[in-house]
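This is what each chain is made of:
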Amino acid sequence: MITASGKGEFLFSTVGAGLGYIIFCSPDNAVRYFSAVIISAVGTFAINMFKGKKDAGLPMLISFLSVLSTGFVMNVKSGAGAGEYALILGESILATGGSFFFFRAIHCNFKRLKLKALPVADLVCLAVTASVILSGLSFIEIKGVSPARIFAVLVILSTVRFGSQRWSLILSLCLGFALGISRENSLFLLGAYAFSALVSSLFTTFSSLGVGISFSVSMAFFAVAANMGSFSLCCGVESLIASIILALLPEVVTDKLSGMWQEGADIAPDGSLRQSLIVRLRLASSALAQVSENVRDVREKINKLGRFEPAESELRMVAADQFFSISDMLEDLAFEFDEAESFDFKTAGKIRRLLGEYDIYPENISVIEDKFGRQRIEILAPKDTLGLDSPVIRSEISKICKRDFEKGRLSVSSAGRLLSMMEKPNYKMSIGFAQYCAEGNLCGDTVKTINDSRGHMILIISDGMGKGSRAALDGAMGAGLLSKLLCAGFGFDSSLKVVNSALLVKSSEESLATLDCASVDLFTGKCEFYKAGAPASYIVKNGSITKCELSSMPAGILRGIEFAKRTAMLSAGDEIILMSDGITDTPTLMPEEFLSFEEDLSPNDKAKAILDFALKNSDSRHRDDMSVIVARLE
């Protein structure tokens, strides 16, 4: 410890070590070890004054020589045999190792320790250093019971209870070895502490009392087997005292202990996979945007040379626009990863162990918490996995996370089965819709309602041009593509570009579809309207109605169209009404008519009532396809 200390500390280390040897050693050994203290102090002073310590090499050398030289002189003086010289060599090697561990512990980056980013090697050095200090204090006993050993057991028990099985085993091995070699015939503590820690880790579900009792019972067996008389009895008593202390710890202390292990466990250090992924996505987004710009410049130069027909040139520009669309989609993904405030790896590990009990072995588990504290879980398993969305598993996951989760959405693709579960939000939406087909059995309007498993309810009405099968194809294509892209995590703007390009190149004939969307944040009630050529929507709030009308172009007509947007805040009981132009173009239909319906009607009944009213007040010969969605926040 002296040799690892800096300029401001080595004097105190020298005094402490010297007093310790004088108090606890026999006169002959006290002289020898005190001499080693003086040699170490002189050597350390010289290093600190003239060179400074850049690595552990010199401190280790000084420790080795101080213990070896003093021991060699004492053995020569007493005429000791080969066994005593071997013991001196062993002590010298232990002193050398002690210097290494102390040096690494003193010079580790404690800021990284707080962020749970300290290398395991440095953490082990801290554990060994603490163990050596406790071994020195273990000579202080009360009726044979050592407070240092009680503290050591308490550290092991608290690590089992609030930390991890891996670290409880590391600490038990370090403490067991250090305390085991501190006195004669006590090395059984090494195995006793380690095995008892493993046994007690099986009882963590039974709170601190279960952990303490199981550890104490295991230590009692070792004490009996060791047959060390009063020392064995004292070891058992020490374990029992530590277990009682653990069980009696107040909640404020247990919360701090739990926080010490969990706080920062999911903080991604600089250069982490998440940060690297965000950077790579944004670089790829920028590169694709540049590619699209280059393609556009080349196309314009070729057009000036008259190499392409206008229609062919336009088609090539639509293809070039796809680079912009992909660029925006990559930026959306980067934004989503950046919004994920933390990844809870510890909880993900608990979920993996839970799923293993049901013979489910996922390829990846992500427990993501955003900056608002909302938690989302994504579990990717092989395609042949069954029972992933079981209510029993969802209930167990809720217990692990200490939160309530929604049912979740199970998606099947070539990558496997993906279960997405969002923390249960503050609100839910009661949704009703009604439709009328103006020609045949195919409606030109397509209605979609999506829960994106990220806390948003999304409503979509897509109205294809005209009536019948042709309009139904365009409407279904627009709504289908948009809903798939939104569910995959892409934004509204980038998704619209893809839908627009798809409609432009679908066929040589004119093909278009209006898109009317509303996205409601079920945590806050914030509602965002997105319109591409769609008619007005309405918000019914506290007996009054607000019209949301935005000018925009439908998808499939021109390149580069964008959503028109508006935001509103909803409260419990408020309704939003989305309609296709088949209803809004009815001459006699006024917004106030929506308030004439009974307030206690369900959203589904209200949607049917609005449709019936529109049909009743419209000309049957000029009717268009009609669709209406009524959604109420609850």
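Residues numbered from 1 in each chain as written. Predicted model: local features only at pLDDT ≥ 70, side-chain atom pairs only at ≥ 80, totals over all residues. Heavy atoms only, no water.

**Some thoughts on the overall build of the protein chain**
Right, on to step 1. What the protein chain contains, in helices and strands, is 20 helices and 15 strands.
Right, on to step 2. Contacts in the protein chain between residues far apart in sequence, at least 24 positions, make up 68% of those at least 6 positions apart.
Right, on to step 3. Counting every atom, the protein chain has about 32200 Å² of accessible surface; 61% of that belongs to carbon and sulfur. (Helix = DSSP H or I, 4+ residues; strand = E, 2+ residues; numbered from the N terminus. Contact = heavy atoms within 4.5 Å. Areas by Shrake-Rupley, 256 points an atom, 1.4 Å probe, with all protein chains shown as cover.)

**Structural notes on the pairing of strand E8 (residues 456-464)**
Right, on to step 1. The buried fraction of E8 amounts to eight of the nine residues, a majority that puts the element mostly inside the structure.
Right, on to step 2. With seven bridges joining them, strand E7 (residues 445-451) and E8 adopt antiparallel strand pairing. Within E8, the residue paired with Ile-450 across the bridge is Ile-458.
Right, on to step 3. In this antiparallel pair of consecutive strands, E7 and E8, the connection spans four residues, and Ser-453 shows a positive phi of 60°.
Right, on to step 4. Summarising the sheet, E8 and strand E9 (residues 513-521) pair through nine bridges and their orientation is antiparallel. For Leu-459, the partnering residue across the bridge sits in E9 and is Ala-518. (Buried < 20%, exposed > 50% of the residue type's maximum accessible area, 1.4 Å probe, protein only. Pairing = 2+ DSSP bridges.)

**Section: the packing of aromatic side chains**
We describe a pair of aromatic rings using the distance from one ring centre to the other and the angle between the two ring planes.
Right, on to step 1. The tally for this structure, following the rule as stated, stands at 10 aromatic pairs.
Right, on to step 2. An angle of 5° between the planes, with centres 3.9 Å apart, marks the rings of Phe-492 and Tyr-530 as stacked. Linking Phe-492 in helix H18 (residues 492-505) with Tyr-530 in strand E10 (residues 526-532), this pair joins segments that are 38 residues apart in sequence.
Right, on to step 3. With relative accessibility at 11%, the residue Phe-492 sits in the buried group.
Right, on to step 4. When the ring of Phe-492 is compared with that of Phe-563, the centres are 6.1 Å apart and the planes differ by 75°; the resulting orientation is edge-to-face. Here Phe-563 lies in the loop between strand E12 (544-548) and strand E13 (564-569) and Phe-492 lies in helix H18, a separation of 71 residues in the sequence. (Phe/Tyr/Trp six-rings, centres within 6.5 Å; stacked < 30°, edge-to-face > 60°.)

**Overview of the sheet that holds strand E6 (residues 429-436)**
Right, on to step 1. Spatially, five strands are ordered E6-E15-E14-E11-E12 in an open sheet, and the strand pairing comes out antiparallel. Each edge of the open sheet carries a strand with a single partner, namely E6 and E12. Between one strand and the next, the sheet's axes are offset by a mean angle of 15°, whatever the strand orientation.
Right, on to step 2. Inspection of the sheet shows strand E11 (residues 537-541) paired to strand E14 (residues 575-579) by three bridges, in the antiparallel sense. Pairing of Ile-539 across the sheet is with Ile-576, part of E14. (Axes fitted to C-alpha atoms, helices over the stretch in contact; angles between N-to-C directions.)

**So, the pattern of salt bridges**
Right, on to step 1. Inspection of every chain in the model, using the stated rule, returns 15 salt bridges.
Right, on to step 2. Taking the shortest distance from any N to any O, the salt bridge between Glu-141 and Arg-149 comes out at 3.4 Å.
Right, on to step 3. A relative accessible area of 34% means that Glu-141 is categorised as partly exposed.
Right, on to step 4. Between Glu-549 and Lys-547 there is a salt bridge whose closest N-O contact spans 3.3 Å.
Right, on to step 5. Among the residues examined, Lys-547 registers a relative accessible area of 43% and is labelled partly exposed.
Right, on to step 6. The network of salt bridges with common partners includes Glu-141, Arg-149 and Glu-238. (Salt bridge = Lys/Arg side-chain N within 4 Å of Asp/Glu carboxyl O.)

**What about the side chain of Ser-5?**
Right, on to step 1. Along the polypeptide, Ser-5 turns up in the segment before helix H1 (10-24).
Right, on to step 2. Judged by relative accessible area, Ser-5 falls into the buried class, the value being 4%.
Right, on to step 3. Within the structure, Ser-5 has its side chain in polar contact with the side chain of Ser-13 (distance 2.9 Å). (Polar contact = N/O pair within 3.5 Å; in protein donor to acceptor, adjacent residues only side chain to side chain.)

**Let's talk about the state of the cysteines**
Right, on to step 1. Taken as a whole and assessed by the stated rule, the structure comprises zero disulfides.
Right, on to step 2. Counting only cysteine sulfurs, Cys-437 is the nearest neighbor of Cys-443, a cysteine outside any disulfide, at a range of 4.4 Å. (Disulfide = S-S within 2.5 Å.)

**Brief notes about helix H15 (residues 345-357)**
Right, on to step 1. With 13 residues, H15 extends 19 Å from end C-alpha to end C-alpha; this agrees with the ideal 18 Å at 1.5 Å per step.
Right, on to step 2. Those residues of H15 that fall on the buried side of the exposure criterion are Thr-347, Ala-348, Ile-351, Leu-354 and Leu-355. The buried residues of H15 occupy one face: seen down the axis, they fall within an arc of 120°. Exposed residues lying more than 90 degrees from the buried face of H15 are Phe-345, Arg-353 and Glu-357. (Expected span 1.5 Å × (residues − 1). Arc of directions from axis to C-beta.)

**Describing the side chain of Ser-494**
Right, on to step 1. Along the chain, Ser-494 falls in helix H18.
Right, on to step 2. A polar atom in the side chain of Ser-494 sits 3.3 Å from the backbone oxygen of Gly-491.

**Some words on the nonpolar core**
Right, on to step 1. In terms of nonpolar packing, the biggest core is built from 27 residues, with Ile-156, Leu-157, Leu-189, Tyr-193, Phe-215 and Met-219 touching the most fellow members.
Right, on to step 2. The element contributing the most residues to this core is helix H7 (residues 147-162), with nine residues.
Right, on to step 3. Filtering out sequence-adjacent residues up to four positions away, Tyr-193 remains in contact with Arg-149, Val-153, Ile-156, Ser-172, Leu-175, Gly-176, Leu-179, Phe-215 and Met-219.
Right, on to step 4. Among the nonpolar cores identified, the runner-up in size contains 21 residues, and Val-447, Met-457, Leu-522 and Leu-550 belong to it. (Core = buried A, V, L, I, M, F, W, Y, C linked by side-chain atoms within 4.5 Å.)

**Points about the environment of Asn-109**
Right, on to step 1. Counting through the fold element by element, Asn-109 comes out in the loop between helix H4 (82-106) and helix H5 (110-114).
Right, on to step 2. Sequence spacing of Asn-109 and Asp-122 is 13 residues, and the spatial spacing of their C-alpha atoms is 8.9 Å.

**With respect to helix H10 (residues 207-226)**
Right, on to step 1. Between its first and last C-alpha atoms H10 spans 29 Å; for 20 residues at 1.5 Å apiece the expected length is 28 Å, and the two agree.
Right, on to step 2. For H10, the complete set of buried residues consists of Ser-208, Gly-210, Val-211, Gly-212, Ser-214, Phe-215, Ser-216, Ser-218, Met-219 and Ala-223.
Right, on to step 3. Check the buried side of H10 and you find it contacts H7, helix H9 (188-201) and helix H11 (230-248).

**A short note on the packing of helix H8 (residues 165-180) against H9**
Right, on to step 1. Two elements in contact, H8 and H9, have axes whose closest approach is 7 Å; the angle formed by their N-to-C orientations is 160°. One finds that H8 runs roughly antiparallel with respect to H9. Relative to H9, the crossing made by H8 is right-handed. Here Gln-165, Ser-168, Leu-169, Ser-172, Leu-173, Leu-175, Gly-176, Phe-177, Leu-179 and Gly-180 of H8 lie close against H9, whose contacting residues are Leu-189, Leu-190, Tyr-193, Ala-194, Ala-197, Leu-198 and Ser-201. (Parallel < 35°, antiparallel > 145°, perpendicular 65-115°, else oblique. Left-handed = near helix turned anticlockwise from the far one by under 90°.)

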